Protein chains: 2
Amino acid sequence: MKVNVLKENLAKALNTVGRIVSTKNSLPVLSHVLITTEDGRLKLASTNLEIGITYKIGGKVEENGSITVPARLFTELVNSLPGEKVEIKLNDLTLNIKAGNFKSEIKGITAEEFPLIPDIKESKVLSLDNKIFKDALKLVSFAAAVDDSRPVLSGVYIVKEGKKLTFAATDSYRLAEKNITLSKDLGIDFSVIVPIRTINEISKIISDIDGEINVYLSDNQISFEVDGVELVSRLIEGQYPNYRQIIPEGSETKANIKSSDFLNLLKVAVLFARENANTLTIKINPKGKLEVNVVANQVGSNESFLDADVTGKGGEISFNGRFIMDYIQNVNAKEISLEITGELTPGIMKTAEIKDYIYIIMPLRS
Amino acid sequence: MKVNVLKENLAKALNTVGRIVSTKNSLPVLSHVLITTEDGRLKLASTNLEIGITYKIGGKVEENGSITVPARLFTELVNSLPGEKVEIKLNDLTLNIKAGNFKSEIKGITAEEFPLIPDIKESKVLSLDNKIFKDALKLVSFAAAVDDSRPVLSGVYIVKEGKKLTFAATDSYRLAEKNITLSKDLGIDFSVIVPIRTINEISKIISDIDGEINVYLSDNQISFEVDGVELVSRLIEGQYPNYRQIIPEGSETKANIKSSDFLNLLKVAVLFARENANTLTIKINPKGKLEVNVVANQVGSNESFLDADVTGKGGEISFNGRFIMDYIQNVNAKEISLEITGELTPGIMKTAEIKDYIYIIMPLRS
């Protein structure tokens with residue numbers, strides 16, 4: 001192998017594929033990145049056995065070949081090299097890297113030892129604008145469970161029926177659902193649960209890329225591809241809960257609130273709510289006031305209020321304050337609404353600024 | 001106690017005194033901050049039994065009193081409160097805090113339980129410009145030992161003789177010494193070893209304050225005071241090593257190098273030097289070149305070079321690359337010099353941009 005590439009491109013590719021590489025593996029080759037020439041381009045690949053990422057960059061390929069080298073060392077080296085160009089050349093199992101006044105050698109492991117990353121590009125099931133896809137993921141992914149005690153909840157549920165694409169996530173204490181109407185239907189309906197780690201990785205990978213994202217499916221794998229970068233992941237097996245039954249039909253009281261003011265109130269309230277699993281009491285006064293109260297036996301108490309545009313008879317309910325903060329911080333809307341019906345019915349959060357999007361919070365005993 | 005203060009002042013004071021408060025104490029009152037009215041001002045104080053900090057702010061004191069409250073909760077509360085003013089009022093052992101549309105109560109512990117922070121303001125030994133003091137500390141403190149295996153090395157040695165003030169630190173592998181000429185001599189000579197944690201704290205505290213710093217000494221305590229903020233610390237007992245004997249008299253070879261280029265070379269070299277305790281070999285070529293080489297049996301090797309202004313016969317020596325990086329990153333000079341004499345004599349680093357300052361690095365076997 002002998003290839004000349006732009007340092008910037010190589011650094012970007014390595015920083016992306018390196019994200020999932022663990023240095024704590026018992027199998028040394030899993031802390032390596034696979035480097036291969038393919039169709040006149042240089043392909044970098046990494047895997048943690050759950051997720052695999054491949055990234056292709058252009059370059060001047062003078063000799064074909066492949067090798068694996070330690071991902072962290074190679075990435076840090078390329079990030080630190082000066083100048084615009086890097087020459088990489090394979091000599092037996094040693095990779096020679098030349099750039100400016102630097103000459104480095106990195107000892108590798110043969111490419112044959114690298115685990116196969118499955119290629120599942122046959123059945124394309126989605127093709128849509130990157131930004132729409134990314135925004136939808138951001139609106140639901142924060143509601144997924146962070147632990148694996150119920151595996152199906154530690155992922156995002158994605159369902160396609162005709163031109164309707166639904167994203168949902170819940171940790172059983174709160175739920176977020178976003179619907180999208182596709183501009184083109186590729187003809188294959190599906191429902192899958194994608195691990196939250198995969199969702200987070202693909203969100204970061206596509207965060208600064210424009211264009212279309214293509215999604216491919218096989219029996220137990222999903223693949224996302226955008227502009228030369230591909231991420232393949234296992235799917236979570238199992239039945240996603242029938243979450244629609246917990247979404248209330250309507251509500252007795254609705255308060256429209258300025259997001260930033262509400263967030264400031266909650267930030268202070270949760271300081272006092274730590275000892276009670278973030279439990280705070282919200283009182284909606286029909287005269288146009290929303291109050292947030294916390295009584296913490298050990299540390300003290302906190303009371304605060306803000307003006308709200310209230311419709312309905314008013315009421316009082318207890319929630320996990322962090323869950324409301326999560327919503328406000330992820331939707332990024334100027335104004336949001338909170339709807340409640342008595343102390344035992346889940347609360348509904350919406351914003352007029354994002355359509356086909358709903359967030360449900362289970363009430364707590366105060 | 002009833003006091004009205006500006007939120008900004010209270011937040012600044014709490015953020016400063018809160019720095020040393022641990023939340024992991026077996027003694028609850030040590031995770032608290034002491035709040036006292038004193039001479040028409042509000043005094044905040046904290047201690048970790050090694051270091052004590054007091055911070056006085058102005059305010060409208062309507063009723064005197066004192067209490068201790070959890071430092072973290074009170075600090076986060078004040079940082080999060082809106083508006084300009086805060087009213088604090090003591091009701092038995094509960095502190096009431098009012099600001100804008102917030103009313104909070106924090107349960108406290110009586111001030112009598114708070115450890116006494118010694119007042120050692122009798123013997124003032126130094127009074128000098130804050131910035132000069134801070135800059136001198138920065139030039140030496142990075143060379144102090146980070147562990148306590150030899151307690152005297154885990155501090156900065158400060159010696160005053162007449163108008164000469166010397167700062168020194170060494171971990172026995174490298175040494176930094178900076179000398180200052182005082183504009184006024186308060187008449188008391190001394191030599192003390194100040195714990196590195198104290199040095200780091202006082203450096204941060206004074207980093208954004210202008211004016212004079214006053215230093216006071218007692219038998220085993222030192223106190224730094226600047227603009228209403230005071231830090232009291234224990235001193236390290238013991239004899240500081242006679243470090244002057246390891247400073248070479250002169251050198252055979254000297255290379256003047258552009259700092260930023262040298263730093264870039266070293267950043268790459270240490271990537272390969274990790275497995276060898278950062279050992280790299282530096283070759284100074286009398287024809288005007290400095291080479292940095294690393295051979296790492298496990299990962300590979302790296303060679304690099306840069307242009308240098310060389311005087312003398314040239315030579316080769318091995319150093320811990322991190323120690324050279326520490327120097328370059330802390331002196332912040334455009335050009336630095338490296339002087340060597342054979343493989344076994346310590347290297348000398350200097351810069352024409354900072355006078356009365358020397359840095360010594362012990363050689364390693366390559």
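Residues numbered from 1 in each chain as written. Chains lettered and ligands numbered in written order. Predicted model: local features only at pLDDT ≥ 70, side-chain atom pairs only at ≥ 80, totals over all residues. Heavy atoms only, no water.

The name given to chain A in an unreviewed UniProt entry is Beta sliding clamp, and the organism recorded there is candidate division CPR2 bacterium GW2011_GWC2_39_10. What UniProt states about chain A under its Sequence similarities (unreviewed entry) heading is, verbatim, "Belongs to the beta sliding clamp family." (UniProt positions renumbered as here; feature names shortened; annotations may be inferred.)

Undergrad: In this structure, what is going on with the interface of chain B and chain A? I would like to understand it.
TA: In many reports, interface size means the accessible area that the parts give up when they come together. If you look at the interface, chain B gives 29 residues, while chain A gives 29 residues. Together chain B and chain A conceal approximately 2600 Å² of surface at their shared face, both sides included; 56% is due to carbon and sulfur atoms. Area buried by chain B at its contact with chain A is led by L73, N101 and F102 of chain B, which between them contribute 20% of it. Seen at the junction of chain B and chain A, the total is 4 salt bridges. Salt-bridge contacts for R274 of chain B lead to E76 of chain A; the nearest nitrogen and oxygen are separated by 2.3 Å. The tally of links between chain B and chain A comes to 14 residue pairs in polar contact (both at pLDDT 80 or more). Those elements giving two or more residues to the side of chain B that touches chain A turn out to be α2 (71-80), β9 (102-107), α5 (259-273) and β21 (300-307) of chain B. (Contact = heavy atoms within 4.5 Å. Buried area = accessible area lost by both parts, 1.4 Å probe. Salt bridge = Lys/Arg side-chain N within 4 Å of Asp/Glu carboxyl O. Polar contact = N/O pair within 3.5 Å; in protein donor to acceptor, adjacent residues only side chain to side chain. Helix = DSSP H or I, 4+ residues; strand = E, 2+ residues; numbered from the N terminus.)

Undergrad: Sorry if this is basic, but what is going on with unusual backbone geometry here?
TA: Excluding glycine, residues mostly have negative phi values, and the peptide bonds linking residues are mostly trans. Despite not being glycine, D227 of chain A has its phi angle at roughly 50°, a positive value. Structurally, D227 of chain A can be placed in the loop between β16 (221-226) and β17 (229-234).

Undergrad: Help me out: how do you make sense of the sheet that holds strand β15 (residues 212-217) of chain A in this one?
TA: Sheets are built from strands that pair by backbone hydrogen bonding, the pairs being arranged parallel or antiparallel. All names here are of chain A. Pairing is antiparallel in the open sheet, where 8 strands are placed in the order β6-β2-β3-β4-β17-β16-β15-β10. Only two strands of the sheet have a single partner each, and these edge strands are β6 (66-70) and β10 (124-129). Each neighbouring strand pair of the sheet contributes to a mean axis angle of 20°, computed without reference to strand direction. Taken together, the 5 bridges between strand β2 (residues 32-38) and strand β3 (residues 41-47) define a ladder with antiparallel strand orientation. (Pairing = 2+ DSSP bridges. Axes fitted to C-alpha atoms, helices over the stretch in contact; angles between N-to-C directions.)

Undergrad: Could you clarify how one ought to interpret the UniProt feature "domain: DNA polymerase III beta sliding clamp C-terminal" (unreviewed entry) in chain A in this entry?
TA: According to UniProt, the "domain: DNA polymerase III beta sliding clamp C-terminal" (unreviewed entry) feature falls on residues 244-365 of chain A. Helix makes up 21% of residues 244-365 of chain A and strand 44%, whereas the separation of the span's terminal C-alpha atoms amounts to 23 Å.

Undergrad: Whenever I open this one, the relation of the copies chain B and chain A confuses me. Can you help?
TA: Each of the two chain copies can be generated from the other by rotation about an axis followed by a shift along it. Each copy superposes on the other: chain B lies on chain A with an RMSD of 0.0 Å after a rotation of 180° and an axial shift of 0.0 Å. The superposition operator between the copies reduces to a two-fold rotation axis. Identified as the residue of chain B closest to the rotation axis by C-alpha distance is K24 of chain B, at 15 Å. A symmetric contact is evident, with 100% of the interface residues of chain B recurring at the interface of chain A. (Least-squares fit on C-alpha atoms with pLDDT ≥ 70 in both.)

Undergrad: Would you explain the environment of A11 of chain B in this entry?
TA: Residue and element names in this part refer to chain B. For A11, the position within the fold is in helix α1 (residues 7-17). A sequence separation of 63 residues divides A11 from F74, and the C-alpha atoms of the two residues are 9.3 Å apart. The residues touching A11, leaving out its near neighbours within four places in the chain, are V78 and N79.

Undergrad: Would you mind going over the domain arrangement of chain A with me for this structure?
TA: All names here are of chain A. Taken domain by domain, chain A comprises domain 1 (2-113), domain 2 (124-243) and domain 3 (247-361). Using C-alpha coordinates to define each centre, domain 2 is positioned 28 Å away from domain 3. Each side of the interface is counted separately: domain 2 has 13 residues, and domain 3 has 15 residues. Summing both partners gives a buried area of about 1200 Å² for domain 2 against domain 3, and 55% of it is carried by carbon and sulfur. Looking only at domain 2, the three residues that lose the most surface to domain 3 are L139, F142 and R174, adding up to 41% of its buried area. Applying the counting criterion to the domain 2 and domain 3 interface returns 1 salt bridge. With a closest N to O distance of 3.1 Å, D326 and R174 form a salt bridge. (Domains from an automatic or database assignment.)

Undergrad: For this particular structure, what's the right way to read the side chain of N278 of chain B?
TA: Residue and element names in this part refer to chain B. On the secondary structure map, N278 appears in the loop between α5 and β19 (279-285). Judged by relative accessible area, N278 falls into the buried class, the value being 17%. Those residues in contact with N278 that sit more than four places away from it in its chain are V270, A273, F319, N320, G321 and R322. (Buried < 20%, exposed > 50% of the residue type's maximum accessible area, 1.4 Å probe, protein only.)

Undergrad: What am I meant to see in the pattern of salt bridges here?
TA: A pair can form between side chains of opposite charge whenever their charged atoms are brought close. Residue and element names in this part refer to chain B. Enumeration according to the criterion identifies 40 salt bridges over all chains in this entry. Two residues, R19 and E201, come together in a salt bridge whose shortest N-O distance is 2.7 Å. Residue R19 is found in the loop between α1 and β2 (32-38), and its partner E201 is found in helix α4 (residues 196-205); the two are separated by 182 residues along the sequence. Of the residues examined, E201 reaches a relative accessible area of 5% and is grouped as buried. The partner of E50 in a salt bridge is R234, and the shortest N-O contact between them spans 2.9 Å. With E50 in the loop between β3 (41-47) and β4 (51-57) and R234 in strand β17 (residues 229-234), this pair connects stretches of sequence that are 184 residues apart. Owing to a relative accessible area of 36%, E50 belongs among the partly exposed residues under this scheme. Relative accessible area serves as the criterion here: at 32%, R234 is assigned to the partly exposed category.

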